[in-house]
Amino acid sequence: MADLPEGALMQRAAAGLAYAIIDFLRERGRGGAYGSRVALLVGSGDNGGDALYAGAILARRGARVEAVLLSDRAHEGGVAALRAAGGTVASGGVSTGSTSGGTDVVVDGIVGIGGKPGLRAEAEAALAMFEGAPVVSVDTPSGVCVDTGEVDGSHVSADLTVTFGTYKPCHLLDPAASASGRVELVDIGLDLPAPSVESLEAEDVAALVPRPAPDGHKYTRGVVGLRVGSATYPGAALLAVSGANTGLAGMVRYVGTAAEWVKRHNPEVVGDGQAQAWVVGSGSADGANSALAFARASGVPLVIDADSLRALTGPLGVPAILTPHAGELAALIREDRADVEARPLHYARLAAKRYHAVVLLKGRRTTIASPDPATPVRVNTTGTSWLATAGSGDVLGGLIGSLLAAGLAPIDAASAGAWLHGAAATLASAGGPVTASGVASAIPAVIRSLPAVSPRSR
Ligand SMILES: NC(=O)C1=CN([C@@H]2O[C@H](COP(=O)(O)OP(=O)(O)OC[C@H]3O[C@@H](n4cnc5c(N)ncnc54)[C@H](O)[C@@H]3O)[C@@H](O)[C@H]2O)[C@@H](O)CC1
């Protein structure tokens, strides 16, 4: 990178952006750049520079491009390039009207990674001029907090965000992830620092999923135990067992009031005994405290869900994964649910530190924080909104328990479990409704479809 001429990275970024915009225009029924009307909203930094150079490429390909400068300062080279390519430049934040009334795409080059959260009045006014037109954001949707995914004040809501080098936290974490729309990554040859937030991909999960060693037996593959469900919620036991009993662990134990039901539906599930991991709390009702106490006394790693979260008073002294949704986490740490939803990264990290446990905060973008602050937070990107259905969390707890019993580290068990759970939901849903049982049934098929990598066998 040291040998790159000045501006080379911006040229690469602008070229990637321009071609992504052309594809975007084609998707929307335009032929491509030729004859399209493109409005660039240009801030004072390099983000605006990317937009201007991309606009120049589009103008040379026959697009009618107008840059609306939102500041007295704008990237000089970019302005000159756009003018030379036949584009027009309007200063003072007001469009000359050359593309409005039928703008095919608005390019948000207001701010990128150098921006402070919130939009200034001139940016809000410029966006209002083009209301209704599709928006492509350059690198990040302007106005969101890039490093936390939080929003504070107004921000752009993009249809597409074209980012450079690597995904940023705002592309992964809600609420900013929702404002990013679809995110396309352009490799521009950046030297990147270690991430603070990351997301597993299919290859990562394939490498983590436990596979039986040639000479493995059911005990070496791991035994997962579940103390879940109750007379009030017997279904929670069945669903958690269905998540655990997918064949990922060597054996599944169930202890609780739904034992007869569980055995009738799962003849391979056995009763009490030793386990390498216990799952507690899903639908446990009044038995949540005792389930947690029994499991904790075993000294093995735990998955702690739902009702047992309420029994927590502090660190447990054993490796643990807490699996709250926003309401449960809010109750646990005595915060408002709305605050937890607005700052999932912050609160997942806070709870992980407070309870010395991996915290898996469920949501559209499930956020998984380790108690070790040096470990990147993992954000899950698989799934479908159809997964918001009763019992799906019980299935997730059982699935994570089986991965934990099979020997995965808690952060890996939680994040691989969330990935598989989301992928199973997408597969079972096929674009339509899905039940928690359907999600559990689809888990083996998702594992079969993972890419071939060199997995660790047990
Ligand atoms: N880092 C890199 O190596 C590369 C960066 N590139 C682009 O450069 C961008 C970063 O550029 P900059 O560091 O110049 O920063 P930005 O362009 O993101 O923003 C900084 C400018 O915006 C102003 N500003 C800050 N907050 C604002 C707000 N809320 N409303 C209005 N104006 C605000 C600041 O006064 C400053 O002038 C990236 O997002 C990317 O688009 C690309 O050209 C490729 C290479």
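Where an unreviewed UniProt entry is consulted, the protein appears under the name ADP-dependent (S)-NAD(P)H-hydrate dehydratase, with the organism given as Nocardioides luteus. Taken directly from UniProt, the Subunit (unreviewed entry) text for the protein runs: "Homotetramer."

(A) Broad picture of the domain arrangement of the protein. Along its sequence, the protein is carved into domain 1 (8–193) and domain 2 (202–448). At the junction of the two partners, domain 1 supplies 10 residues and domain 2 supplies 11 residues. Where domain 1 abuts domain 2, roughly 760 Å² becomes buried across the two surfaces, and 54% of that area is made up of carbon and sulfur atoms. Remark: the boundary between domain 1 and domain 2 carries two salt bridges. The residue R343 makes a salt bridge to E150 at a minimum N-O spacing of 3.0 Å. Residue assignment for the side of domain 1 that touches domain 2 shows that the elements contributing at least two residues are helix 5 (169–172) and helix 6 (176–180).

(B) How the structure looks around the packing of helix 16 (residues 410–429) against helix 17 (residues 436–448). As a packed pair, helix 16 and helix 17 sit with axes 8 Å apart at the nearest point and diverge in direction by 105 degrees. With respect to helix 17, the element helix 16 is oriented roughly perpendicular. Residue-level contacts link W419, L420, H421, A423, A424, A425, L427 and A428 of helix 16 to G438, V439, A442, I443, A445, V446 and I447 of helix 17. Its residues assigned to classes, the contact of helix 16 with helix 17 comprises 13 nonpolar, two polar and no charged.

(C) Structural detail: the UniProt feature "domain: YjeF C-terminal" (unreviewed entry) in the protein. Under the UniProt annotation, "domain: YjeF C-terminal" (unreviewed entry) lies at residues 201–450. Its end C-alpha atoms 10 Å apart, residues 201–450 is made of 45% helix and 12% strand.

(D) How the structure looks around the nonpolar core. In this structure, V205, L226, Y254, W419 and L420 are the most contacted members of the largest nonpolar core, which totals 56 residues. A13, A18, V42 and A51 belong to the second-largest nonpolar core, a separate cluster that totals 40 residues.

(E) Layout of the side chain of D305. As for its placement among the helices and strands, D305 is situated in the loop between strand 12 (302–304) and helix 11 (306–309). A distance of 2.8 Å separates the side chain of D305 from the side chain of T323, its partner in a polar contact. Aside from chain neighbours lying at most four places away, what touches D305 is V280, G281, S282, T323, K362, G393 and D394.

(F) Representation of the environment of R28 within the structure. Tracing the backbone through its elements, the reader meets R28 in the loop between helix 1 (8–27) and strand 1 (37–42). Dropping the residues within four chain positions of it, R28 is found in contact with P134 and D159.

(G) Expanded view of the environment of T103. Within the element layout of this structure, T103 appears in the loop between strand 3 (88–90) and strand 4 (105–109). Taking the C-alpha atoms as reference, T103 lies 6.2 Å from A133; in sequence the two are 30 residues apart.

(H) Structural view of the packing of helix 12 (residues 326–333) against helix 14 (residues 344–355). Here helix 12 crosses helix 14 at 50 degrees, and the two axes come no closer than 11 Å. Our classification of the angle between helix 12 and helix 14 gives oblique. Handedness of the helix 12/helix 14 crossing: left-handed. Residues L329, L332 and I333 of helix 12 lie in contact with helix 14, whose contacting residues are Y347, A348, L350, A351, R354 and Y355. Counted by class, the contact of helix 12 with helix 14 contains eight nonpolar, no polar and one charged residues.

(I) Spatial organisation of helix 15 (residues 392–405). With 14 residues, helix 15 extends 20 Å from end C-alpha to end C-alpha; this agrees with the ideal 20 Å at 1.5 Å per step. Most of helix 15 is tucked away: 14 of the 14 residues are buried. Where helix 15 ends, the next residue or the one after it, G407, has phi of about 110 degrees, a positive value.

(J) Geometry of the site of the ligand. Taken together, 21 residues surround the ligand, and among them S44, D46, D50, G112 and D139 come closest. G112 is positioned with one of its backbone polar atoms (N or O) 2.6 Å from an oxygen atom of the ligand. A total of 870 Å² of accessible area belongs to the ligand in isolation, and the protein chains cover 77% of it. Of all the secondary structure elements, the ones that give two or more residues to the shell around the ligand are helix 1 and helix 2 (46–60). Partitioning the shell around the ligand into residue classes produces eight nonpolar, seven polar and six charged.

(K) Broad picture of the sheet that holds strand 15 (residues 367–369). Pairing is mixed across the open sheet formed by nine strands, whose spatial order is 8-16-15-14-13-12-11-9-10. Since the sheet does not close on itself, it has two edges, and those belong to strand 8 (197–198) and strand 10 (251–254), each with one partner. Here strand 8 runs beside strand 16 (residues 377–379); their pairing, made up of two bridges, is parallel. Bridge pairing links V197 to V377 in strand 16. Where helix 14 meets the sheet, its contacts fall on strand 8, strand 13 (320–322), strand 14 (358–361), strand 15 and strand 16, and the angle it forms with strand 15 comes to roughly 35 degrees.

(L) Broad picture of helix 1. Across its 20 residues, helix 1 extends 29 Å between first and last C-alpha, which sits within 8% of the 28 Å expected from 1.5 Å per residue. For helix 1, every residue scored as buried is listed here: A8, M10, A13, A14, G16, L17, A18, A20, I21, I22, F24 and L25. After helix 1 finishes, the residue G29 shows a positive phi value of roughly 90 degrees.

(M) Spatial organisation of the state of the cysteines. What the rule picks out here adds up to zero disulfides. Note on C170: no disulfide assigned, nearest cysteine sulfur contributed by C145 at a separation of 8.3 Å.

(N) Summary view of unusual backbone geometry. Of the consecutive residues D174 and P175, the connecting peptide bond is found in the cis state with omega at 5 degrees. Tracing the backbone through its elements, the reader meets P175 in the loop between helix 5 and helix 6. Backbone geometry places A285, a non-glycine residue, at a positive phi of 50 degrees. One non-glycine residue with positive phi stands out, namely R334, at about 55 degrees.

Each value, and the rule that gives it
Residues numbered from 1 in each chain as written. Predicted model: local features only at pLDDT ≥ 70, side-chain atom pairs only at ≥ 80, totals over all residues. Heavy atoms only, no water. UniProt positions renumbered as here; feature names shortened; annotations may be inferred. Domains from an automatic or database assignment. Contact = heavy atoms within 4.5 Å. Buried area = accessible area lost by both parts, 1.4 Å probe. Salt bridge = Lys/Arg side-chain N within 4 Å of Asp/Glu carboxyl O. Helix = DSSP H or I, 4+ residues; strand = E, 2+ residues; numbered from the N terminus. Axes fitted to C-alpha atoms, helices over the stretch in contact; angles between N-to-C directions. Parallel < 35°, antiparallel > 145°, perpendicular 65-115°, else oblique. Nonpolar A, V, L, I, M, F, W, Y, C, P; charged D, E, K, R; others polar. Core = buried A, V, L, I, M, F, W, Y, C linked by side-chain atoms within 4.5 Å. Buried < 20%, exposed > 50% of the residue type's maximum accessible area, 1.4 Å probe, protein only. Polar contact = N/O pair within 3.5 Å; in protein donor to acceptor, adjacent residues only side chain to side chain. Left-handed = near helix turned anticlockwise from the far one by under 90°. Expected span 1.5 Å × (residues − 1). Near = heavy atom within 4 Å. Areas by Shrake-Rupley, 256 points an atom, 1.4 Å probe, with all protein chains shown as cover. Pairing = 2+ DSSP bridges. Disulfide = S-S within 2.5 Å.

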